[in-house]
2 protein chains.
Amino acid sequence: MYSIGELSKRTGVKIPTIRYYEEMGLIDAPERSEGNQRRYTKDGLSRLSFIRHSRDLGFSIEDIKDLLSLSQHPEKPCHDAHNIAVQHLADVQKRISKLKRLERELKRLSKCGAGNIANCAVIETLADHGLCETEH
Amino acid sequence: MYSIGELSKRTGVKIPTIRYYEEMGLIDAPERSEGNQRRYTKDGLSRLSFIRHSRDLGFSIEDIKDLLSLSQHPEKPCHDAHNIAVQHLADVQKRISKLKRLERELKRLSKCGAGNIANCAVIETLADHGLCETEH
DNA sequence: CTTGAACCTATAACTACTAGAGAGTTTATA
DNA sequence: TATAAACTCTCTAGTAGTTATAGGTTCAAG
């Protein structure tokens, strides 16, 4: 049996976040001690690790709910889990290419040689989208 | 003079968002019509464009406040604007490399050949961080 | 003058947490 | 066994940057 603090240390998930996950229905409400404190089993620990790990990989709470309920049914086909991962991969790739465009723009922008605001490329570029090299 | 709806169409910023920016002090409260509706000038339009453009580039509301007040003082040196942009560039580059690690992991993860959940690499990997190739 | 679109304020929801107050519980040590 | 330190409890509110909703008012065209 782990207290919430121990669970937190073992998984790296902060205490209020664990309680938040409980409220959101990601983890079951655990048993309580006589004094009403949460007491977790090994199962609770591994479920929270799963969540932690999924969050690290950027899955949303909703996605994780789906993944968790899938993982509860080992006999089912895994298209669904697969689809969630592939969809998420697509999202990540979209974000990467958007950020790369942004990086190019900011690099250009930060090469400002002017001495004062009046001729500063940063301000000028922000004021006028037409000066941009790429669309965003 | 533009109504809020016209301003919204011209800048691509949604109406509630414009009102939110006003509340946050990013834009000045504009004059009102006799019936208490907002009426914007060309200045209001270009200020909002500046904001829109800065948000597109991922600057925070606070950064934009600084950039706006800098742009109001053309005689000042532009180190500050420059610093904000450079700092932001560093953030963006950090985000990119984090996402790329994630992309690698997800690509590996989504190549799941199993037929059912029991052997599905997606679920398995999420359940056990030890199976990951990279740190995250 | 009427109608319908656009506008007003105020409030709540969203995501995924984090922080704080004030009270109760558990555990380690004297 | 007493007490103090550390931990946990619930509840509320705050974060960023919007978006949505409700119930009412105003504007512009026909």
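Residues numbered from 1 in each chain as written. Chains lettered and ligands numbered in written order. Predicted model: local features only at pLDDT ≥ 70, side-chain atom pairs only at ≥ 80, totals over all residues. Heavy atoms only, no water.

Per an unreviewed UniProt entry, chain A goes by Transcriptional regulator and derives from Ahrensia marina.

A.B. asks: Where do I start with the protein's contact with DNA strand D in this structure?
C.D. replies: For DNA strand D, the set of nearby residues contains 22 residues, the closest of which are A:Ser3, A:Arg19, A:Arg38, B:Tyr20 and B:Tyr21. In DNA strand D, atoms within 4 Å of the protein come from the sugar-phosphate backbone in 88% of cases. Between DNA strand D and B:Tyr21, the relevant distance is 2.7 Å, taken from a phosphate oxygen to a side-chain nitrogen or oxygen of the residue. Of all elements in the fold, only helix H1 (4-11) and helix H2 (15-23) of chain A together with helix H2 (15-23) of chain B reach the threshold of two or more residues within the surface near DNA strand D. (Near = heavy atom within 4 Å. Polar contact = N/O pair within 3.5 Å; in protein donor to acceptor, adjacent residues only side chain to side chain. Helix = DSSP H or I, 4+ residues; strand = E, 2+ residues; numbered from the N terminus.)

A.B. asks: What is the right way to read the UniProt feature "domain: HTH merR-type" (unreviewed entry) in chain A from this model?
C.D. replies: Residues annotated in UniProt with the feature "domain: HTH merR-type" (unreviewed entry) correspond here to residues 1-70 of chain A. Taken end to end, residues 1-70 of chain A has its terminal C-alpha atoms 26 Å apart, with 60% of it in helix and 6% in strand. (UniProt positions renumbered as here; feature names shortened; annotations may be inferred.)

A.B. asks: Hey, could you run me through the interface of chain B and chain A in this one?
C.D. replies: Frequently, the measure chosen for interface size is the accessible area that the parts lose on association. Contact with chain B, which involves 52 residues of that partner, is made by 52 residues of chain A. Where chain B abuts chain A, roughly 4,400 Å² becomes buried across the two surfaces, and 76% of that area is made up of carbon and sulfur atoms. Linking chain B with chain A are zero salt bridges, by the criterion used here. Connecting chain B to chain A are two residue pairs in polar contact (both at pLDDT 80 or more). (Contact = heavy atoms within 4.5 Å. Buried area = accessible area lost by both parts, 1.4 Å probe. Salt bridge = Lys/Arg side-chain N within 4 Å of Asp/Glu carboxyl O.)

A.B. asks: What am I meant to see in the relation of the copies chain B and chain A here?
C.D. replies: Expressed as a screw operation, the relation of chain B to chain A combines 0.0 Å of axial shift with a rotation of 179°, fitting to an RMSD of 0.3 Å. On this basis, the relationship between the two copies can be described by a two-fold rotation axis. For chain B, the minimum C-alpha distance to the rotation axis belongs to B:Ile96 and amounts to 3.1 Å. (Least-squares fit on C-alpha atoms with pLDDT ≥ 70 in both.)

A.B. asks: Quick question: what am I supposed to make of the protein's contact with DNA strand C here?
C.D. replies: The full set close to DNA strand C counts 22 residues, and A:Thr17, A:Ser33, A:Arg55, B:Arg19 and B:Arg38 are the nearest of them. When the atoms of DNA strand C within 4 Å of the protein are grouped by moiety, sugar and phosphate amount to 85% of the total. For DNA strand C, a phosphate oxygen lies 2.9 Å from a polar atom in the side chain of A:Tyr21. Between DNA strand C and B:Ser3, the relevant distance is 2.8 Å, taken from a phosphate oxygen to a side-chain nitrogen or oxygen of the residue. Contributions of two or more residues to the surface near DNA strand C are made by H2 of chain A together with helix H1 (4-11) and H2 of chain B. In terms of residue count, H2(A) provides more of the surface near DNA strand C than any other element does, four residues in total. Of the residues that constitute the surface near DNA strand C, the class distribution is six nonpolar, nine polar and seven charged. (Nonpolar A, V, L, I, M, F, W, Y, C, P; charged D, E, K, R; others polar.)

A.B. asks: Looking at this structure, I do not really get the packing of aromatic side chains. What am I missing?
C.D. replies: Describing an aromatic ring pair means giving the distance of the ring centres and the angle of the ring planes. Considering all chains together, one arrives at two aromatic pairs over all chains under this definition. Ring centres 6.0 Å apart and planes at 45° place the aromatic pair B:Tyr20 and B:Tyr21 in the tilted group. (Phe/Tyr/Trp six-rings, centres within 6.5 Å; stacked < 30°, edge-to-face > 60°.)

A.B. asks: Please clarify how the packing of H1(A) against helix H3 (residues 42-56) of chain A should be interpreted in this entry.
C.D. replies: Two packed helices can be described by the angle between their axes and the distance between those axes. Residues and elements named next belong to chain A. Contact geometry for H1 and H3: axes closest at 10 Å, N-to-C directions at 45°. The orientation of H1 relative to H3 falls into the category oblique. The way H1 lies across H3 gives a crossing that is right-handed. Residues Leu7, Arg10 and Thr11 of H1 form the contact with H3, whose participating residues are Leu45, Leu48, Ser49 and Arg52. Residue classes in the contact of H1 with H3 are distributed as three nonpolar, two polar and two charged. (Axes fitted to C-alpha atoms, helices over the stretch in contact; angles between N-to-C directions. Parallel < 35°, antiparallel > 145°, perpendicular 65-115°, else oblique. Left-handed = near helix turned anticlockwise from the far one by under 90°.)

A.B. asks: Please explain a positive patch on the surface as it appears in this structure.
C.D. replies: Residues A:Lys100, A:Arg104, B:Lys98, B:Lys100, B:Arg101 and B:Arg104 make up a contiguous surface patch of positive charge. Every element with two or more residues in the positive patch is listed here: helix H5 (79-109) of chain A together with helix H5 (79-109) of chain B. Among the elements that line the positive patch, the one with the most residues is H5(B), at four residues. (Patch = residues over 30% accessible without salt bridge, like charges linked within 9 Å, V, L, I, M, F, W, Y side chains within 5 Å. Areas by Shrake-Rupley, 256 points an atom, 1.4 Å probe, with all protein chains shown as cover. Lys, Arg positive; Asp, Glu negative; His and termini not counted. Charge placed at Lys NZ, Arg CZ, Asp CG, Glu CD.)

A.B. asks: Just checking my understanding: could you explain the packing of H1(B) against H2(B) for this structure?
C.D. replies: All names here are of chain B. It is the contact of H1 with H2, at a shortest axis distance of 9 Å, that shows an interaxial angle of 100°. When the interaxial angle is binned, H1 and H2 end up roughly perpendicular. Along its contact with H1, which presents Ile4, Gly5, Leu7 and Ser8, the element H2 presents Ile15, Ile18 and Arg19.

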